[in-house]
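Structure assessment
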Amino acid sequence: MGMHKPIYHPMNDCGDVVVCINSRDIALRGDEWKKRAYFHHTGYPGGATWTLAWEVHNKDPTMIIKKAVYRSMKGNLQRRHTMERLLIYPDEEVPEDVLQNVTNQIRQLRLVPTRLDHIPEDEVRKFPKVMDYPKDYVYK
Amino acid sequence: MSNSNLFLKSGFVRAPLQNGVGRYVCQLQRIVLKFCKSHGGSRGMRDFIEQDLVDFARDNPSVVVYLKPRRHRSPVVVAEYLNGDRVWMSMQNKTHSEITKWIENMRTQQGDLSALRLRKYQYTDHPSIQGPWTPFTFKNPELNVATLPDPKFGANNRLPMSATEQLRMMFEKQSIGSKEDTEEKKAE
């Protein structure tokens, strides 16, 4: 929309194109991956399906972001055209012609959490611990 | 902008100041009064024609006045302006004084003002002194040479800092400063 720009006018087409990367690494809160369902209806009788978030995400890693943005917009005729300005990529691989037009970066809203497999193995091994699990211990 | 305004003539707000600086030019060029001689709806119009029309024509020699009697039709005033606008207005059942006021309004206005969609509610001949805004004004010039995505520009820098964090920062700054001091002393 470009409503934050000083040159904004309803008849002035000044909205930005946004490139979203790493959509495969999104996080949902709590047990939303198991509980959140995405509804789809084919239009035929009995054509309703409810797909869980983890299933949707396995099928298409960009779909959850896309639907979240689509739902947050007003349901008017402009919505589908505005969605054309959002480019979502599951990882950091962005086509060259898209990347060379990127002029700015939106800052992250939260800090990126550090996962155990992000920490180098040496540091993990050196980390102080109370006891070792016995060899016949079965992980849950 | 609603759909009913799509075919409306559009323009900008303007002050009609320049007309009258040197000399006044009446913008109304031609006015046609259509009326019926017998119907009651034209009563006010007939009164106007009987009492005021000759004076009107005498006071405004630049305006062409036509009278068009039409049997059993409602009274209408059509005004044509210097800029080509044509204003059509029904005078059905209007009284003498109302018609006088409307015709005075038509004489003094500049073009068809009521049927004009304003593109903006403000207008200026000098839009900007320091140059118009572009997406790159007030942006960090480092972005021009950076290869994006870059964690330097993408990392979050707006989280509130806890007291512990602040203390840690202060301590680190202190320790770095003390190190530098010692190094300087060594160099001396």
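Residues numbered from 1 in each chain as written. Chains lettered and ligands numbered in written order. Predicted model: local features only at pLDDT ≥ 70, side-chain atom pairs only at ≥ 80, totals over all residues.

What about the overall build of chain B?
What chain B contains, in helices and strands, is 5 helices and 6 strands. Its helices and strands in sequence order give chain B the pattern β-β-α-α-β-β-β-α-β-α-α, from N to C terminus. The burial tally for chain B puts 10% of its 188 residues in the buried class. Nonlocal contacts in chain B, meaning residues at least 24 apart in sequence, comprise 77% of its contacts between residues at least 6 apart. (Helix = DSSP H or I, 4+ residues; strand = E, 2+ residues; numbered from the N terminus. Buried ≥ 20, exposed ≤ 12 C-beta atoms within 10 Å, placed from the backbone. Contact = placed C-beta atoms within 7 Å.)

Structural notes on the nonpolar core
All names here are of chain B. Core analysis: the largest hydrophobic core is formed by 12 residues, namely Leu28, Ile31, Leu33, Phe35, Met45, Phe48, Ile49, Val77, Ala79, Met91, Ile99 and Ile103. Sorting the residues of this core by element identifies strand 2 (28-35), helix 1 (43-51), strand 4 (76-81) and helix 3 (96-108) as the ones contributing at least two each. Of all the elements, strand 2 adds the most residues to this core, at 4 residues. The contacts of Met91, once residues within four sequence positions are left out, are Gly44, Met45, Pro75, Val76, Val77 and Ile99. (Core = buried A, V, L, I, M, F, W, Y, C linked by C-beta atoms within 7 Å.)

Here we look at unusual backbone geometry
All names here are of chain B. With omega at 0°, the peptide bond leading from Leu148 into Pro149 counts as cis. Turning to its location among the elements, Pro149 is positioned in the loop between strand 6 (116-118) and helix 4 (151-154). Even without being glycine, Asn93 reaches a positive phi, approximately 65°. Mapping Asn93 onto the fold places it in the loop between strand 5 (86-90) and helix 3.

Concerning the pairing of strand 5 of chain B
Residue and element names in this part refer to chain B. Burial of strand 5 is sparse: only 0 of the 5 residues sit out of reach of the surface. Relative to strand 5, strand 4 is paired through 5 bridges, and the arrangement is antiparallel. Each bridged residue has a counterpart across the sheet, and for Ala79 the counterpart in strand 5 is Val87. Connecting strand 4 to the antiparallel partner strand 5 that follows it, the hairpin turn spans 4 residues, and Gly84 within it adopts a positive phi of roughly 95°. (Pairing = 2+ DSSP bridges.)

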